[in-house]
Amino acid sequence: MSNADRHRLIAQAVRDSGSVTVLELAELTGASEMTIRRDLDTLAAQGVLERVRGGARTALLRGEEPPFALRAHEAVDAKRRIAAEVAALIGDGETVLLDSGTTCLEVARLLRGRPVAVMPLSLQAIRVLGDSPTPTTLLVPGGQPRAAEGALTGPLTLASLSALRFDTAVLGCCGLTAADGLTAYDLDDAAVKKAIIASSRRSIAAADGSKLGHTAHAHVGPSTLLHTLVTDTTAPPDEVAAFEGLGTVVKTV
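Residues numbered from 1 in each chain as written. Predicted model: local features only at pLDDT ≥ 70, side-chain atom pairs only at ≥ 80, totals over all residues. Heavy atoms only, no water.

### Details of the overall build of the protein
Scanning the protein for helices and strands turns up 10 helices and 15 strands. Here the protein has a C-alpha radius of gyration of 19 Å; the compact-globule value for 253 residues is 18 Å, and the two agree. Along the longest, intermediate and shortest principal axes, the C-alpha atoms of the protein span 55 × 40 × 30 Å. For the protein, the residues scored as buried account for 51% of the 253 residues in total. Partitioning the contacts of the protein with sequence separation of at least 6, the portion at a separation of at least 24 is 58%. Between the averaged position of the 25 positive side-chain charges in the protein and that of its 29 negative side-chain charges there is a distance of 4 Å. (Helix = DSSP H or I, 4+ residues; strand = E, 2+ residues; numbered from the N terminus. Rg over C-alpha atoms; globule rule 2.2 N^0.38 Å. Buried < 20%, exposed > 50% of the residue type's maximum accessible area, 1.4 Å probe, protein only. Contact = heavy atoms within 4.5 Å. Lys, Arg positive; Asp, Glu negative; His and termini not counted. Charge placed at Lys NZ, Arg CZ, Asp CG, Glu CD.)

Rendered as structure tokens:
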């Protein structure tokens, strides 16, 4: 088992159970207890979990957004499939507004080097696109990055968005239902997502199945604002049908 796979398994175990011991994780992964202790120290430094004597426990409160480092280990294959489909929907020559989040970061990797103009709204995606070879054009917005998340928010970000118009917006999702629409964990993030939609001709939501059927507390807008939803086969069938009933194009990968 690779380090990345082991870290992913440990993070999921801690999140599911709330707390686990070093011995339990050693049995789960087949690694030595010494290796598990090093893994826990690494994941604690990333904010994925909290280190306690003899093991680890979740660092999340109920309703709190999981940290970027934890989400980066979740549904990786699905996110890459979704990103590939989203990238295929973007034509050469388009101007693209790219939201923050782990799935949108995968989209950034696929747009690198293509003849498109991209404004990413996270430090991680800016780094990916920062040394893109011609003909990719990188547009860098203003804003203040959220701690450990890298997402750009605040008045400078909103001003950057209001000054420009884009062909396509790619939105990450914290929660998405046909009834309640698009939601976010953070009010500042919700404000940015509203501005993203307002500044774009079409909006594509990139959301793995775990995001559908769930809501966060900050409302962004109704689901009818989304032109296309790209998700994976774990998406709840009733939600997929509801979105299609509202006229949203749903692509399942």
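After presenting the structure, the write-up continues.
### A word on the packing of helix α2 (residues 22-29) against helix α3 (residues 33-45)
Across the interface, α2 lies against α3 with an axial gap of 9 Å and an inter-helix angle of 105°. Regarding the angle of α2 to α3, the classification is roughly perpendicular. Taking contact as the criterion, the partners of V22, L23, L25, A26 and T29 in α2 are, on α3, E33, I36, R37 and L40. Among the residues forming the contact of α2 with α3, the class breakdown is 6 nonpolar, 1 polar and 2 charged. (Axes fitted to C-alpha atoms, helices over the stretch in contact; angles between N-to-C directions. Parallel < 35°, antiparallel > 145°, perpendicular 65-115°, else oblique. Nonpolar A, V, L, I, M, F, W, Y, C, P; charged D, E, K, R; others polar.)

### Brief notes about the environment of A207
For A207, the location among the structural elements is in the loop between β12 (200-206) and β13 (218-221). In sequence terms A207 and L229 are 22 residues apart; their C-alpha atoms lie 7.4 Å from each other. Other than its neighbours up to four places away in sequence, A207 contacts I82, C173, L212, L229, V230, T231 and D232.

### Remarks on the pairing of strand β15 (residues 249-252)
Looking along a regular strand, one sees the side chains alternate between the two faces of the sheet. Of the strand pairs in this sheet, strand β14 (residues 228-231) and β15 are connected by 4 bridges, and their pairing is parallel. Along β15, the bridge assignment pairs T228 with V249. Tracing the backbone out of β14, into helix α10 (residues 237-245) and back to the parallel element β15 gives a crossover that is right-handed. (Pairing = 2+ DSSP bridges. Right-handed = clockwise from strand over helix to strand, strands pointing away.)

### Examining the sheet that holds strand β9 (residues 166-172)
Strand order in the open sheet made by the 7 strands is β6-β5-β4-β9-β12-β14-β15, with parallel pairing throughout. Of all the strands in the sheet, just β6 (137-138) and β15 have a single pairing partner and so form its edges. The sheet contact formed by strand β4 (residues 95-98) and β9 spans 3 bridges and is parallel. Residue pairing in the sheet places L97 in a bridge with A169 of β9. Here helix α5 (residues 76-89) sits on the sheet in contact with β9, β12, β14 and β15, set at roughly 150° to β14. Contacting β4, β5 (117-120) and β6, helix α7 (residues 123-130) crosses the sheet at an angle of about 150° to β5.

### Quick look at the sheet that holds strand β10 (residues 175-177)
Spatial ordering of the open sheet is given by β10-β11-β13, a layout of 3 strands whose pairing is antiparallel. With one partner strand each, in any of the chains shown, β10 and β13 form the two edges of the open sheet. Put simply, the sheet's adjacent strands are angled 30° from each other on average, direction ignored. Across the sheet, helix α9 (residues 187-198) is in contact with β11 (181-184) and β13; its angle to β13 comes to roughly 0°.

### A look at the packing of helix α8 (residues 155-162) against α9
It is at 9 Å that the axes of α8 and α9 come closest, and there the two elements cross at 5°. Considering the angle they form, α8 stands roughly parallel to α9. Packed against α8, whose contacting residues are T157, L158 and L161, the element α9 presents A191, V192, A195 and I196 at the interface. Residue composition of the contact of α8 with α9, grouped by class: 6 nonpolar, 1 polar and no charged.

### Focus: the nonpolar core
Across soluble globular proteins, nonpolar side chains show a tendency to be buried alongside one another. In this structure, L97, L161, L176, I196 and L229 are the most contacted members of the largest nonpolar core, which totals 30 residues. For this core, the secondary-structure elements that each account for two or more residues are β9, β11, α9, β13 and α10. With 5 residues, α9 is the single largest residue contributor to this core. Those residues within four positions of I196 in sequence are excluded, and the remaining contacts are L97, D99, L121, L161, A169 and L171. Judged by nonpolar contacts, the second largest core, of 20 residues, contains V86, C104, V107 and L129. (Core = buried A, V, L, I, M, F, W, Y, C linked by side-chain atoms within 4.5 Å.)

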